[in-house]
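The residues making up each chain are set out below.
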Amino acid sequence: MRTSIEQLEKNSATFDNQESKWRQEKFSPVKVLQEKFFPAINDAYQNYLQTGTVRSVYSSFFAVDEDAMKKISNCSCAEVTLREKVDPARLQAAVNKAVEVCPYAAFDISKRDGIVYFHKNNLPVLVGDFKKLGTAENNHHYVTVSYDEFKITLRVSHILTDGFGMVCFLQAVTDFYFDKEKTLYEGADKFDFVADLMSQDLPLPDGYTPKSYAVENHFVPPEINSANADKKYENVIEIPAKKFRAFCKKYRISAQIAVSILLAKAIQNAHPDNDKIISVRGPVNTRAPLRVPNTFQNASIPHIFLNFEPSWLKDEISAEALKNIKTDFSDQCSYENLAAFTNEIKKFFFIKNADERAKIGKAYKRQTDIIANYMGKMLADDTAEKIESYKQIFPVSYPLMMYASQYGDKIILHMLQQFENLIYFESFLKILEQSDLISE
C-alpha cells in the first residue's frame, strides 16, 4: 500500500521548487493585495455606504433557490439556556443594540442572474418565533431570535454569513443582554466589512500551483451506502476545557488538529483492520490569512485535509507523525494555498461548461466524507458564567462530522452522522478516556 507521503511526493517536489522560486522573488501577500485587490474592495465599501447594497459571489454558493433561501432549517442555530426566565423587553433591547454592532444581521437578500445581493434594511429585527426567513412577517430579515421561558434561540442564514459571523452576532446579543458595554465584533466601520473574497481573483505568485492533498484510495465509512442526507443522528459529550488544552499542549498542536486526530483515532479504533488512509477535512476561516478580518461575508469555503496513516493511530501518535501533520496543516493554511483554493472554487460560477462545473463541485465535495471542525469560543467567558447551558444545532452536510466548540470551562464535542450506527461515537468515547479527556 502506498503511503500518503509517497502519493504526494511528486506534488511536493514541484511545490517546493515553485515555493523556493517565488520566495526568492520576495512575494508579499500584503503588498500585492494592497495593489491588486484592496482598491476594488474599498470601492465596494464606498458603494455600500452610498447605496446600502452589497454584491456577493461567495455567498451565492449557499443560495440554491428562493425556497431554500427562506428555510429556517438551513440556518446555523444556537440555543442559550439562562438561569432565570428570559425578559422579552430586555432581549429585544439587546438585539437592537447587537444589530448596531453587526449591521449585517439586518440585511435582506435578493438574487439576480445567480448572484446574491445584500441590502441594508432599517426595519427592526423582531424577537419572535418565525417559521420562514425573509418574509414581511419578520421584516425581511435572515436572522431570527426567539425565546421560550429560560431559553434564547438564535438562527442565522448561511447565505448571510458563516460561523464567524454567527458567533459575532450571538456574542453581541448575549453580551448586551447582560448589560456589557462592548462585544467581540468591531468591524462594521472598516473598509473590508463587505469584502467578497470571490469578487475578483486573489493575487498569487507567477506560476504558483498548490500542493494536492487528495488521496484516491482513502477510508470511506462502510455505512455510507445507507447514508441519507435527510437523516440526522447525533451524539454530544462535554469535556473539561482544561483537559483539552492540556492535550493540545502535550502534543504542541492546535485545537483543530487535536479534534482531527481524536476523530481519526476513533475511526481506526472502530475499524481496527482498516489499512487505508483516513482523510479528515476541516473548514478554514480565511479572514486573517487573506487579510480581510472584518468581512461579514462567508469566508470559510476552503478546507484543509489531514491524512492519517492507520499505523499512526493505533497507539501513542509518534513525533514524526505529528511533525508531518503539523507541516501539512501549516502549508495548507498559508495565504498562497488558501487564495488558490478560493480562486479555484470561484471558477464554478464563471465556467459555462456544465461538465467543468460538475468537475469542480465533485473535486471539492468528494475528497473525503469525514469532517472535523473546531469552532472556538462561542460565548465570552464572563457571559458564559451567567448561563445554564449552551447548545448548537448543525445541519449534516457530510456523512460523518465532528464539531467542537467551547463555552466557559467546557468543550462540547458534537458528532453527527447521516447513518445510524453508534460504533463511531462509542469508539470516540474510548479514545477520549484513553487520552484522559473525560472527567472522573
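Residues numbered from 1 in each chain as written. Predicted model: local features only at pLDDT ≥ 70, side-chain atom pairs only at ≥ 80, totals over all residues. Heavy atoms only, no water.

**Some remarks on the overall build of the protein**
The secondary structure content of the protein amounts to 14 helices and 13 strands. Overall, the protein is about 60 × 55 × 40 Å in size when its C-alpha atoms are taken along their principal axes. Taken over 440 residues, the protein has a buried fraction of 53%. Distance from the positive charge centre (54 side chains) to the negative charge centre (58 side chains) of the protein: 2 Å. (Helix = DSSP H or I, 4+ residues; strand = E, 2+ residues; numbered from the N terminus. Buried < 20%, exposed > 50% of the residue type's maximum accessible area, 1.4 Å probe, protein only. Lys, Arg positive; Asp, Glu negative; His and termini not counted. Charge placed at Lys NZ, Arg CZ, Asp CG, Glu CD.)

**Re the pattern of salt bridges**
A complete count under the given rule lists 17 salt bridges for this structure. Of the charged contacts in the structure, one is a salt bridge between Glu388 and Arg83, with a shortest N-O distance of 3.5 Å. Taken together, the residues span a long stretch of sequence, with Glu388 in strand 11 (residues 387-393) and Arg83 in the loop between strand 2 (75-82) and helix 5 (88-101) at a distance of 305 residues. Residue classification places Glu388 among the partly exposed positions, given a relative accessible area of 48%. Salt bridges here are not isolated pairs; linked through shared partners, they connect Asp175, Lys180 and Asp382. (Salt bridge = Lys/Arg side-chain N within 4 Å of Asp/Glu carboxyl O.)

**Focus: the side chain of Asn294**
Tracing the chain through its elements places Asn294 in the loop between strand 8 (278-283) and strand 9 (303-308). For Asn294, the side chain forms a polar contact with the side chain of Asp192, separated by 3.0 Å. Ignoring any residue separated from it by four or fewer positions in sequence, one finds Asn294 in contact with Tyr185, Gly187, Lys190, Asp192 and Phe193. (Polar contact = N/O pair within 3.5 Å; in protein donor to acceptor, adjacent residues only side chain to side chain. Contact = heavy atoms within 4.5 Å.)

**Some points on the sheet that holds strand 4 (residues 115-119)**
One key point about sheets: their strands pair by backbone hydrogen bonds, in either a parallel or an antiparallel sense. Across the sheet, which stays open at both edges, the 3 strands sit in the order 1-4-3 with antiparallel pairing between neighbours. Bordering the open sheet on either side are strand 1 (53-56) and strand 3 (108-112), each of which pairs with just one other strand. On average, each strand axis in the sheet is inclined to that of its neighbour by 25°, with strand direction left out of account. (Pairing = 2+ DSSP bridges. Axes fitted to C-alpha atoms, helices over the stretch in contact; angles between N-to-C directions.)

**Examining the sheet that holds strand 11**
Taken in spatial order, the 4 strands of this open sheet run 5-6-2-11, and their pairing is antiparallel. If you trace the sheet from one side to the other, it starts and ends with strand 5 (143-148) and strand 11, each paired once. The average undirected angle you get between the axes of adjacent strands in this sheet is 15°. Relative to strand 6 (residues 151-157), strand 5 runs antiparallel, the two sharing 6 bridges. Across the sheet, Thr144 pairs through a bridge with Arg155, a residue of strand 6. The strands that helix 5 touches are strand 5 and strand 6; relative to strand 5, the one it contacts most, it runs at about 160°.

**Considerations on unusual backbone geometry**
The backbone of Glu149 sits at a positive phi, close to 55°, despite the residue not being glycine. Relative to the helices and strands, Glu149 resides in the loop between strand 5 and strand 6. Judged by relative accessible area, which is 47%, Glu149 ranks as partly exposed.

**Notes on the nonpolar core**
Formed by 74 residues in total, the largest nonpolar core has its most connected members in Phe244, Ile253, Phe308 and Leu413. Not counting the four nearest positions on each side in its chain, Phe244 is found in contact with Ile239, Ala255, Ala258, Val259, Leu262, Tyr374, Ile411 and Leu437. Grouped together as the second largest cluster of nonpolar side chains are 55 residues, Tyr48, Leu154, Val173 and Tyr185 included. (Core = buried A, V, L, I, M, F, W, Y, C linked by side-chain atoms within 4.5 Å.)

**Remarks on the packing of aromatic side chains**
On inspection of all chains with the given rule, the structure shows 22 aromatic pairs. Between Phe61 and Phe348, the aromatic rings sit 5.8 Å apart at their centres with planes inclined by 40°, giving tilted as the arrangement. With Phe61 in the loop between strand 1 and helix 4 (66-69) and Phe348 in the loop between helix 11 (335-346) and helix 12 (354-365), this residue pair connects regions lying 287 residues apart in the sequence. Owing to a relative accessible area of 23%, Phe61 belongs among the partly exposed residues under this scheme. Given a relative accessible area of 24%, Phe348 falls into the partly exposed group. Considering the side-chain rings of Phe107 and Phe193, the 6.5 Å spacing of their centres and the 65° angle between planes classify their relative orientation as edge-to-face. Here Phe107 is found in the loop between helix 5 and strand 3, whereas its partner Phe193 is found in the loop between helix 6 (163-177) and strand 7 (233-240), with 86 residues between them in sequence. Judged on exposure class, the residue Phe107 and its partner Phe193 are both buried. (Phe/Tyr/Trp six-rings, centres within 6.5 Å; stacked < 30°, edge-to-face > 60°.)

**Points about helix 6**
Taking 1.5 Å per residue as the helical rise, helix 6 with its 15 residues ought to reach 21 Å, and the 21 Å between its terminal C-alpha atoms agrees with that figure. Burial analysis of helix 6 places 13 of its 15 residues in the buried class, the great majority of the element. Downstream of helix 6 by one or two residues, Asp179 has phi in the positive range, about 65°. (Expected span 1.5 Å × (residues − 1).)

**A few points about helix 14 (residues 423-434)**
For helix 14, with 12 residues, the first-to-last C-alpha span of 17 Å sits near the 16 Å given by 1.5 Å per residue. Among the residues of helix 14, Tyr424, Phe425, Ser427, Phe428, Ile431 and Leu432 are the ones counted as buried. For helix 14, the buried positions fall inside an angular range of 160° around the axis, keeping them on one side. Facing away from the buried side of helix 14, by more than 90 degrees, are the exposed residues Glu433 and Gln434. Contact partners of the buried residues in helix 14: strand 7, helix 8 (255-270), strand 12 (400-407) and strand 13 (410-417). Just downstream of helix 14, Asp436 is the residue with a positive phi angle, here 60°. (Arc of directions from axis to C-beta.)

**Observations concerning the side chain of Asp108**
Within the secondary structure, Asp108 sits in strand 3. Setting aside anything within four residues of it in sequence, one finds Asp108 in contact with Tyr117, Phe118, His119, Asn121, His140 and Tyr142.

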